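Next come the chains, spelled out residue by residue.
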Amino acid sequence: MRASGRVYIRERKRGDQWYAQLRVEGRRMNRRLGPVWTERGRPPEGYFTKRTAEAALQALLTDARRGELAGPDPVGASRTYAHACEEFLRYTEQDRDRSASTVRDYRYCIERRLYPAFGADTPLSSITTQRIDEARERMLAEGAISRRSVQKVLVVNYSILKRAKRKGWIKTNPAEDAERVTVKRSGDFNVLSPEEVAQVSRVADNEQDAALWVVAAFTGLRMGELRALRWGDIDFAGRTVFVRSSYSKERRVHEPKSGKVRSVPLIDQAAVELDRLSRRQHFTASTDLVFASPTGRHLDDKEMRMRFYSALDRAGLGHKRTGDRPLRFHDLRHTFGTLAAQVWPLVDVQAYMGHSSVTTTMIYAHHIPKRAAADALTHLVDGGNYASSHRLVAC
């Protein structure tokens, strides 16, 4: 039989582990070899160095080529919910190449929500639709997390069981028939007006922050995209900002959230601020960061938020940080969305903001001025001589 493979280390709370990944006749499988040995000298029984891990891999490949390697477990046999969760995390990180922050969020959800709900050692075959429904009802009744958070937890659980089904560990995905959690969006959010953006910019601590608030509000770039923006991404002549990368909380540069490079119109108000910033003494080369620390490195996201909130207070807009919908840094992106929806078709706004679906962009639809629609209906009503038969009283 055709067989190939590699060894790799997987981080674990109780110590890193060596794993062997094999591909046998086109089918991929993983085998845990044992804990990593990093000390000097011969490793104890059950521990592996890179050399001994590769030797173990070769032994597995030999068994596979002879047809003697044990295949996947029978459906439901010996597989626990923890097995399914770990496979889902591995698949997300390695096969789908998702960012470290995404994997971290999934792991948090699993360890804090799903393991308490279903049990890590629970046999996979014993997780039924009824059990999932009971967990949903319990989370909603306890009220420890919002309905939207419960919805996200159940979506992750669905994906975990979907992967387990794909691996042949369960015959059906019990989450497919489970009750969904409905979440109603108000469609409203807290934004700044263009005048308020200017107010905040005027009281910024420095020239760079002044430009940062304006660019964030008038281009719609995400926090990570702003932190990764370089001068070579700005085309002043073409009045375009190219969004080519993002900088994550794990201090890693990766592709934008959409997975694709996009471009955004560079309006005059943002261009003026960027042009002024480009005349600073340092960090103006095409490869330099536009918004950089004093040493030319990426800005700290927490410090960016804190400076923005302080500027809001100084601008007399601190009240926007209170109430049911306190203004966040991310709402500068919503500011762009509400303005953009008033002048461009929603499909264009979708492309500029990097939304995967126009459904997401539709949240800005109610900000589109209704003057033309109001005028059209006014003329229709007026055509029926409404004004002549009724006295309109201004209140």
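Conventions we followed
- Residues numbered from 1 in each chain as written.
- Predicted model: local features only at pLDDT ≥ 70, side-chain atom pairs only at ≥ 80, totals over all residues.
- Heavy atoms only, no water.
- Helix = DSSP H or I, 4+ residues; strand = E, 2+ residues; numbered from the N terminus.
- Rg over C-alpha atoms; globule rule 2.2 N^0.38 Å.
- Buried < 20%, exposed > 50% of the residue type's maximum accessible area, 1.4 Å probe, protein only.
- Contact = heavy atoms within 4.5 Å.
- Areas by Shrake-Rupley, 256 points an atom, 1.4 Å probe, with all protein chains shown as cover.
- Phe/Tyr/Trp six-rings, centres within 6.5 Å; stacked < 30°, edge-to-face > 60°.
- Lys NZ or Arg CZ within 6 Å of the ring centre and 35° of its normal.
- Pairing = 2+ DSSP bridges.
- Patch = residues over 30% accessible without salt bridge, like charges linked within 9 Å, V, L, I, M, F, W, Y side chains within 5 Å.
- Salt bridge = Lys/Arg side-chain N within 4 Å of Asp/Glu carboxyl O.
- Lys, Arg positive; Asp, Glu negative; His and termini not counted.
- Charge placed at Lys NZ, Arg CZ, Asp CG, Glu CD.
- Axes fitted to C-alpha atoms, helices over the stretch in contact; angles between N-to-C directions.

What follows concerns the overall build of the protein chain. Each helix and strand in the protein chain was counted, giving 15 helices and 8 strands. Relative to the globule expectation of 21 Å for 395 residues, the C-alpha radius of gyration of the protein chain, 28 Å, shows a markedly less compact shape. Each principal axis of the C-alpha atoms in the protein chain carries an extent, and together these give about 90 × 65 × 40 Å. By the burial criterion, 41% of the 395 residues in the protein chain qualify as buried. Taking all contacts inside the protein chain whose residues are at least 6 apart in sequence as the whole, residues at least 24 apart take part in 58%. Carbon together with sulfur atoms contributes 49% to the accessible area of the protein chain, which is approximately 23,000 Å² in total.

This next bit is on the packing of aromatic side chains. If you walk through the whole model with that rule in mind, you get 11 aromatic pairs. With centroids separated by 6.3 Å and ring planes inclined at 75°, the aromatic side chains of Tyr81 and Tyr115 adopt a geometry described as edge-to-face. Of this pair, Tyr81 sits in helix α2 (residues 81-95) while Tyr115 is found in helix α3 (residues 100-118), placing the two residues 34 residues apart along the sequence. Comparing Tyr81 with Tyr115 shows no difference in burial state: the two are buried. Clustering of aromatic rings is evident, with ring pairs tying together Trp213, Phe308, Tyr309 and Phe329. Above the ring of Tyr19, the side-chain terminus of Arg10 is found at 4.2 Å from the ring centroid. A cation sits over an aromatic face here: Arg321 above Tyr309, 3.6 Å from the ring centre.

On to the pairing of strand β1 (residues 3-10), then. In the sheet, β1 pairs with strand β2 (residues 17-24) via 8 bridges, with the strands oriented antiparallel. Residue Arg10 lies in a different strand from β2, and its bridge partner there is Gln17. Linkage of β1 to β2, two consecutive antiparallel strands, is achieved through a turn of 6 residues, within which Gly15 is found at a positive phi near 125°.

A cluster of basic residues, Arg96, Arg98, Lys162 and Arg166, forms a positive patch at the surface. For Lys162, the location among the structural elements is in helix α5 (residues 147-166).

Right, let's talk about the sheet that holds β1 for a bit. Ordered in space as β1-β2-β3, the 3 strands form an open sheet in which the pairing is antiparallel. Of all the strands in the sheet, just β1 and β3 (27-35) have a single pairing partner and so form its edges. Each strand axis lies, on average, 20° off the axis of its neighbour in the sheet, ignoring direction. Bridge count between β2 and β3: 8 bridges; the pairing is antiparallel. By the bridge assignment, Trp18 is partnered in β3 with Gly34.

Following the sequence through the fold, Glu196 ends up in helix α6 (residues 194-202). Sequence-distant contacts of Glu196, defined by excluding residues within four places in its chain, comprise Val191, Leu317 and Lys320.

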